[in-house]
Amino acid sequence: MKVKFCVCTVCLILASLSLFAQNDTTVLSRAINSLKNNSAANPVEKVYLQLDKPYYAAGEDIWFKTYVTAGSKHILSGISGVVTVELVNPKSLVQQYVKLPLAGGLTWGDFKISDTIKAGNYHIRAYTNWMRNAGSEYFYDQLIKIGNAILPALTINNTRKPVKPAAKQLATMLPQSAKTDVQFLPESGNLVYGINSKVAFKAVGEDGLGKEISGIITDDQNQEVARFSSRHLGMGVFNLLPINGRIYKALVAYADGSEKSIELPKPLLKGYVLSVDNTDPLYLEVKVAGSPGFAGETGISEISLVAQSGGEVYYAAKSKSSKSAFSSIIPKSKFPSGIVQFTLFSPGGEPLNERLVFIKNHDELNLSVAAPVDGVAARQKIKINLTAKNSEGKPALGNFSVAVTDETKVPEDEADASTIFSSLLLTSDIKGFVEKPNYYFTANEQANEDLDVLMLTQGYHRFVWKQILTGNFTSVVYQPENSLQIAGYLKTPGGKPIAKGKISVLSSSNGFFMEDTVSDDKGYFAFKNLQFADSTKFVVQSKKKNVELELDSGGVAPITQKYRIAEERGNKDTILSAYLANSKKTYDEQVKYGIGNHIKQLKEVTIKAEKPLPNSSNLNGPGNADQVLLTKDLSGACMNIATCLMGKLRSVFFLWDDDKMVYFPAMFGNDGMPHAMLIKVDGITMSAETLNTLPPEIVESVEVLKSVGFSSVYGSEGHNGLILINTKKGNYWEASSNRNIISYSPKGYYKAREFYSPQYDYPKTNKQIADLRTTIYWNPNIATDKDGLAAFEYFNADSKGTYRIIIEGIDGNGNIGRQVCRYKVE
């Protein structure tokens, strides 16, 4: 069959040359040049993170490697030099974030998860400043589950209104036909009378996940014309030949037995249908069918076809025939792997039809891993040899990251995984939530067919042709960051900009630094091309008096979209009990031997500051508190003083208020229930909202009053304990008429920690500690040499079972690779 098909394909290619000619015509030239200009003005950057695990527990670390690529060929990006990575909590607030310097599009980092973190569904979000121009829907965004077996589950929200049982029961009683959204989507956009077309469909439940359906298609004379049934995650496809004048509807049957009638899109009287057959491994068969006589009636003498990927045109042709139907065979080798958008244009340049196709050219890196044979021992030293070759079999010079996990403790459905393939090639370019993205990259024909159905049901979202053709490109608001900067405005106390004002910045951290600049006509100034570590302290000042400096804190991109219901609900059903049980054992073992940065439940003692606190508002006197934290104790990747304090205050827990959308500090009372503590900033009582917005760089010290001996001086308001926050100026609430000097600690580069892997052949290693690691080994920086070779080694943990090695990476030509292998420890 394959031999006959290949012979037939050659004939079709030869025949198609008279129908499609790749010549430079007005429409083609306009489309190609418009897209080229848009790509030059707005090159596409993508971010992908390999994580060491799919889910985590309190007290653990999240390790990640960041890959930033540019363009359709996924070359490591040279556009941006800085990337921001965030840990977003279940309430869509950034709990931690880091800024990392990029070297050739690569970097790596980590997050420390607090012992007191609230269990739930978190997200890791990553982006460059340049990517903010396109919007947050283009950011890397991955759901992770974080559990907590260290602290007992805390439930507090006295003001939250409970769901009425009757309403809740009514919602569960609704049939699936009332809770499932079903859409019918004709191939290339429209049904046309007289033209046989594919019609894709997708059924999505209220939880955002695909639902199985089936049914029949009937016309307005109640004649059955087609049957359909979902083939994968609520998606499927059927063929329909609309008869002139007929109207069609679907009678949909759901898994619970309910039914619903849904009208199909009304066919057009005249028009074109663009169809693509993607079943052959080497060629695409593209067919264009138009209504008989449609070209002559509308004056359409020729139509043009353009195929682009990642903003770059890879195929362009026009018709040279007045026939209503024609086809072309296109080698897949013309395109890079990933999503290709085919668009049909009228002679006037109007987009008529669109079809997405996914190309698998097998141009990925071939990664060969020499894994150990089954039956190796616990704590045995393992050496892994990696060989990387490109699709031509030549050695690949690339950079890779590797995660070795105990799969017995950290099982994962491979279909659910976010990988370098599913992220860079699929989900970063397609609209909406993609359920089980890695399934489409399994090597089987069924997955390829289901992937083509996915292309029919979810649209391309990088740009709209009509905007591109009119030159309406995305406006550039955010410039690429290639270094850090300190910027702001110089104004009068009344808010008017001051031009040509001299501003200085200086720092004595890690050596003396000083630089001058001048404000522009709008009062804006910027100290650019800075390189400094996180928590570096600066002084920004103007020599002029009676002026005001307003600094741009930079910060993070706002979270404007609601997180996908499918992700949130789907992951909440994941059973993590076994994983969390191991997490608790690990925590207990580390606390027993005094290792790890964990909270210790100590006896109540009085801790006084080593030196006076000049701006203390403590009525007991500066430093007379149960616990005192200074500026140096507040360093870390935190957004506000609330997140800085999490995990640092003994016997104080930060709980979430659903109504106010803030964290608040609480202590357990004699009744065994948590009670909110009083918060004071420079002596003024404030709400928890202030704690969640106060920038940590302005705080000089934090005094915690828990015992009666310290809190009683505040009377009844100190009954549940107090958090006293003292700012560096000591007058946070007073309006200053002269702010020409500002102390400032901007967000600097985070220094990534090194993953600890015990060396059992080292004599001083404590072999008495139980090794309960779930991440056995993590290395974000493995480089292959000119022969495509690299090696690494580590020691197994104590646990027996199946260990999984995942290696991902990229070479200098943008070829990406992934390899998964396993071995057993007995």
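Residues numbered from 1 in each chain as written. Predicted model: local features only at pLDDT ≥ 70, side-chain atom pairs only at ≥ 80, totals over all residues. Heavy atoms only, no water.

## Considerations on the overall build of the chain
Worth spelling out the cut-off: Secondary structure elements follow DSSP: runs of H or I no shorter than four residues count as helices, runs of E no shorter than two count as strands, and numbering proceeds from the N terminus. Only protein chains enter the area calculation, which uses a 1.4 Å probe; residues under 20% of their type maximum are buried, those over 50% are exposed, and those in between are partly exposed. Here, two residues are considered to be in contact whenever any of their heavy atoms come within 4.5 Å of each other. For the accessible areas, the method is Shrake-Rupley and the probe is 1.4 Å, while residue cover comes only from the protein chains on display.
A tally of regular secondary structure across the chain gives 13 helices and 46 strands. Each of the 826 residues in the chain was classed as buried or not, and the buried ones make up 52%. A sequence separation of at least 24 residues applies to 70% of the contacts in the chain between residues at least 6 apart. As displayed, the chain offers around 37900 Å² of accessible surface, 52% of which is attributable to carbon and sulfur atoms.

## So, the sheet that holds strand E12 (residues 197-205)
Basically, it comes down to this: Note on pairing: two strands pair once DSSP finds at least 2 bridges between them. Every angle, taken between N-to-C directions, lies between 0 and 180 degrees, and every axis is a line fitted to C-alpha atoms, over only the stretch in contact when it is a helix.
An order of E11-E12-E15 is seen for the 3 strands of this open sheet, with the pairing classed as antiparallel. Single-partner strands in this sheet number two, and they are strand E11 (180-186) and strand E15 (235-240). Mean inter-strand twist for the sheet, computed between neighbouring axes without regard to direction, equals 25°. Pairing analysis gives 7 bridges linking E11 to E12, with the strands arranged antiparallel. Residue Leu185 lies in a different strand from E12, and its bridge partner there is Ala200.

## Structural notes on the pairing of strand E30 (residues 513-518)
Bridge analysis of strand E29 (residues 502-507) against E30 gives 6 bridges, and the strand direction is antiparallel. Across the sheet, Ser507 pairs through a bridge with Phe513, a residue of E30. Hairpin connection between E29 and E30: a loop of 5 residues separates the two successive antiparallel strands, and Asn510 in this loop has a positive phi of roughly 55°.

## Structural notes on helix H2 (residues 26-41)
Short version of the rule: Expected span of a helix, by definition, is 1.5 Å for each gap between consecutive residues, and there is one gap fewer than residues.
Taking 1.5 Å per residue as the helical rise, H2 with its 16 residues ought to reach 22 Å, and the 22 Å between its terminal C-alpha atoms agrees with that figure. For H2, the full list of buried residues reads Val27, Leu28, Ser29, Ala31, Ser34, Leu35 and Asn38. Packed against the buried residues of H2 are strand E20 (304-309), strand E21 (312-319), strand E23 (338-345) and helix H8 (465-469).

## Section: unusual backbone geometry
The backbone of His362 sits at a positive phi, close to 55°, despite the residue not being glycine. When you line up the elements, His362 lands in the loop between strand E24 (351-359) and strand E25 (366-370). Positive phi, close to 60°, is recorded for Ser651, a residue that is not glycine.

## Brief notes about helix H6 (residues 420-427)
Here H6 lies mainly inside the structure; 7 of its 8 residues are buried. Those residues of H6 not exposed but buried are Ile420, Phe421, Ser422, Ser423, Leu424, Leu425 and Leu426.

## A word on the pattern of salt bridges
Quick note on the threshold: Salt bridges are counted wherever a side-chain nitrogen of Lys or Arg sits within 4 Å of a carboxyl oxygen of Asp or Glu.
Tallied over the full model, the rule gives 34 salt bridges. The shortest N-O distance in the salt bridge between Glu793 and Lys381 comes to 3.2 Å. Remark: Lys381 occurs in strand E26 (residues 381-389) and Glu793 occurs in strand E44 (residues 789-795); sequence separation between them is 412 residues. With relative accessibility at 37%, the residue Lys381 sits in the partly exposed group. Among the charged side chains, a salt-bridge network with shared partners connects Glu407, Glu412, Glu414, Arg804, Glu808, Arg818 and Arg822.

## Topic: the packing of aromatic side chains
Using the following cut-off: Stacked, edge-to-face and tilted labels apply to pairs of Phe, Tyr and Trp rings (six-membered ring for Trp) whose centres lie within 6.5 Å, assigned for plane angles under 30 degrees, over 60, and everything in between, in that order. A positively charged side chain is recorded as over a ring if its NZ (Lys) or CZ (Arg) lies within 6 Å of the ring centre. The angle to the ring normal must also be within 35 degrees.
One pass over the structure, following the stated rule, counts 27 aromatic pairs. Measuring from centroid to centroid gives 6.1 Å for Phe525 and Phe527, while their planes differ by 70°, and the two rings are edge-to-face. Note on Phe525: relative accessible area 1%, which makes it buried. Relative to Phe792, the ring of Tyr777 lies with its centre 5.5 Å away and its plane at 5°, an arrangement referred to as stacked. Of the two residues, Tyr777 sits in strand E43 (residues 775-783) while Phe792 sits in strand E44, which places them 15 residues apart along the sequence. Among the residues examined, Tyr777 registers a relative accessible area of 9% and is labelled buried. Of the aromatic side chains, those joined through ring pairs into one cluster are Phe184, Phe201, Phe228 and Phe238. Its end group placed over the ring of Tyr489, Lys491 keeps NZ or CZ at 5.8 Å from the ring centre. Taking NZ or CZ as reference, Lys747 lies 4.5 Å from the ring centre of Tyr97, over its face.

## Looking at the side chain of Asn796
Convention followed: Counting of polar contacts relies on pairs of N or O atoms within 3.5 Å, with two restrictions inside protein: one atom must be capable of donating a hydrogen and the other of accepting it, and residues adjacent in sequence are counted only when both atoms are side-chain atoms.
Residue position: Asn796 is located in the loop between E44 and strand E45 (801-811). Within the structure, the side chain of Asn796 is placed 3.0 Å from the backbone oxygen of Ala377, a separation counted as a polar contact.

## Focus on the sheet that holds strand E19 (residues 283-290)
Spatial ordering of the open sheet is given by E18-E19-E22, a layout of 3 strands whose pairing is antiparallel. Edge strands, defined here as strands with exactly one partner in the open sheet, are strand E18 (272-277) and strand E22 (325-331). On average, each strand axis in the sheet is inclined to that of its neighbour by 15°, with strand direction left out of account. Alignment of E19 against E22, held across 7 bridges, turns out to be antiparallel. From the neighbouring strand, Val286 faces E22, where its bridge partner is Ser328.

## With respect to the nonpolar core
Quick reminder of the rule: Throughout, nonpolar core names a set of buried Ala, Val, Leu, Ile, Met, Phe, Trp, Tyr and Cys residues whose side chains join them through atoms within 4.5 Å.
Leu426 and Ile725 are the most contacted members of the largest nonpolar core, which totals 90 residues. In this structure Ile725 touches Ile641, Ile679, Lys680, Val681, Asp682, Leu691, Leu694, Val699, Ser701 and Val702, once residues within four positions along its chain are discounted. Among the nonpolar cores identified, the runner-up in size contains 25 residues, and Leu367, Val376, Phe400 and Val402 belong to it.

## Description of the confidence of the model for the chain
Predicted coordinates in regions of low pLDDT should not be interpreted in detail. To keep things clear, this is the line we draw: pLDDT gives the predictor's per-residue confidence on a scale running from 0 to 100.
Per-residue confidence for the chain averages 85 on the pLDDT scale, and 87% of its residues sit at or above 70. With pLDDT under 50 throughout, residues 153-165 is counted as low confidence; its partners more than four residues away or in other chains account for 14 contacts. Across residues 602-610, confidence stays below pLDDT 50; counting only partners more than four residues off in sequence or on other chains, it has 16 contacts.

## Observations regarding the environment of Ser401
The residue Ser401 is located in strand E27 (residues 398-406) in this model. Sequence separation between Ser401 and Arg818 is 417 residues, and the spatial gap between their C-alpha atoms is 9.8 Å. Each residue touching Ser401, except ones within four places of it in the same chain, is listed here: Gln50, Lys65, Tyr67, Trp778, Asn779, Pro780, Ile806, Ile807 and Glu808. Side chain to side chain, Ser401 and Tyr67 meet in a polar contact 2.8 Å long.

## Side note on the side chain of Ser346
Here Ser346 is to be found in the loop between E23 and E24. You can call Ser346 buried: its relative accessible area is 10%. Apart from the residues lying within four places of it in its own chain, the contact partners of Ser346 are Val27, Glu302 and Leu352.

## Examining the environment of Ser617
Within the secondary structure, Ser617 sits in the loop between helix H10 (577-593) and strand E34 (627-630). Take Ser617: its relative accessible area is 19%, and that puts it in the buried class. Separated by 67 residues in sequence, Ser617 and Ile684 place their C-alpha atoms 9.0 Å apart. Polar side-chain contacts of Ser617 include one of 3.3 Å to the backbone nitrogen of Gly683.

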